[in-house]
Amino acid sequence: MNYQGEEIRHRLAADYVSGGMRGGARRRFEALVAADAGWRRILRDWENEIYPLAWSLKPVVPPARVWRAIRTRIRGRQPASSWGWSGLYSWRLLSAALALVLVAGVALYPLQVNRSARAQLLAVLQSPQTQAMLVVRADPSGVLHVRTLGDLRALAGDRVLELWALPPGGQPQSLGLVAPGGLTSLPAPGGLRNVPKLAVSLEPPGGAPNGQPTGPIIMTGDVVPI
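Remember, predicted model here, so these are calculated numbers, not experimental data.

**Student:** Any chance you could explain the nonpolar core here in plain terms?
**Tutor:** General note: in soluble globular proteins, nonpolar side chains tend to be found buried as a group. Formed by 26 residues in total, the largest nonpolar core has its most connected members in Leu125, Leu134, Val136, Leu144, Leu163, Leu192 and Leu198. Elements represented by at least two residues in this core include exactly β1 (121–126), β2 (132–139), β3 (143–148), β4 (160–166), β5 (173–178), β7 (197–203) and β8 (217–225). Among the elements that make up this core, the one with the highest residue count is β2 (four residues). Once residues within four sequence positions are removed from consideration, Leu144 is found in contact with Val136, Arg137, Ala138, Leu163, Leu175, Thr184, Ser185, Leu186, Ala188 and Leu192. Among the nonpolar cores identified, the runner-up in size contains 17 residues, and Tyr16, Phe29, Ile50 and Val124 belong to it.

Spelled out as structure tokens, the structure:
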């Protein structure tokens, strides 16, 4: 695979940060990042987009039956070893603890160096099938940073993607056209204040002719503070 194209780099970085990349593919990506400063820059950009969303979510504690099922499956696959279950279980606990420390470090360090990010607003727009497709972040300077989670050109076809603010009890307000791949910056002096929800519709080239959506709404998302 040719890893030099900007689009493929962003797609792989988004897949890695969101947790969708597994196994050998994840290890190959980490090797690319370790060897190339350009890869590291793109990875940091995606971490800055995705991690604030994770910080804004309330933790969910799995029910006890989930842990029981996990322990049962692990016991069933326990290899014959002089360690026995106790040693293996302790090793797994240690690995889990180290992973938690790493996650906490990744999450807390940016908060220490840039607490102003917590004043921003962010939305993840999903398809009707709950597939995350677009991230919108409003920064304090009055700019919306819109990033697609993948290539949406096939979805758009011969139409354009138009982003809408959905104020409570009011008509949709156009925020501008969004590129179907990569990053789009849109001026928004008012940011996303008092906007609880965003949507994207498919519109004819040039955007909705009458200032209101005319095509299907293909994704929506709630605006949350980070």
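There is more to say, and it comes next.
**Student:** Please explain the side chain of His145 as it appears in this structure.
**Tutor:** One can find His145 in strand β3. Side chain to side chain, His145 and Asp139 meet in a polar contact 2.6 Å long. The contact partners of His145, leaving out residues within four places of it in the chain, are Glu49, Val135, Val136, Arg137, Asp139, Leu183, Thr184 and Ser185.

**Student:** Quick question: what am I supposed to make of the pairing of β4 here?
**Tutor:** Residues in a regular strand point their side chains to alternate faces of the sheet. With five of seven residues buried, β4 lies mostly within the body of the structure. Sheet analysis places β4 next to β7, joined by seven bridges and oriented antiparallel. Bridged to Leu161 within β7 is Leu202. Pairing between β4 and β5: five bridges, direction antiparallel. Note that in β5 the partner of Ala165 across the bridge is Gln173. What sits between the antiparallel neighbours β4 and β5 is a turn of six residues, in which Gly169 has the positive phi angle 70°.

**Student:** Would you mind showing me how to read the pattern of salt bridges here?
**Tutor:** Side-chain pairs of opposite charge can arise where the charged atoms are in close proximity. For the coordinates displayed, the defined rule picks out four salt bridges. The partner of Asp36 in a salt bridge is Arg9, with the nearest N and O atoms 3.7 Å apart. Residue Asp36 is located in the loop between α2 (23–35) and α3 (37–56), and its partner Arg9 is located in helix α1 (residues 6–18); the two are separated by 27 residues in the primary sequence. By relative accessible area, which is 26% here, Asp36 ends up partly exposed. For Asp222, the salt bridge identified is with Lys197, shortest N-O distance 2.9 Å. Within this pair, whereas Asp222 is found in strand β8, its partner Lys197 is found in strand β7, the two being separated by 25 residues in sequence. Take Asp222: its relative accessible area is 47%, and that puts it in the partly exposed class. For Lys197, a relative accessible area of 31% translates into the label partly exposed.

**Student:** Which parts of the structure should I look at to understand the pairing of β8?
**Tutor:** Inspection of the sheet shows β1 paired to β8 by four bridges, in the antiparallel sense. Across the sheet, the residue bridging to Gln126 is Thr220, located in β8. By the bridge criterion, five bridges tie β7 to β8 in an arrangement that is antiparallel. Note on β8: the bridge partner recorded for Ser201 is Ile217.

Rules of the game
Residues numbered from 1 in each chain as written. Predicted model: local features only at pLDDT ≥ 70, side-chain atom pairs only at ≥ 80, totals over all residues. Heavy atoms only, no water. Core = buried A, V, L, I, M, F, W, Y, C linked by side-chain atoms within 4.5 Å. Buried < 20%, exposed > 50% of the residue type's maximum accessible area, 1.4 Å probe, protein only. Helix = DSSP H or I, 4+ residues; strand = E, 2+ residues; numbered from the N terminus. Contact = heavy atoms within 4.5 Å. Polar contact = N/O pair within 3.5 Å; in protein donor to acceptor, adjacent residues only side chain to side chain. Pairing = 2+ DSSP bridges. Salt bridge = Lys/Arg side-chain N within 4 Å of Asp/Glu carboxyl O.

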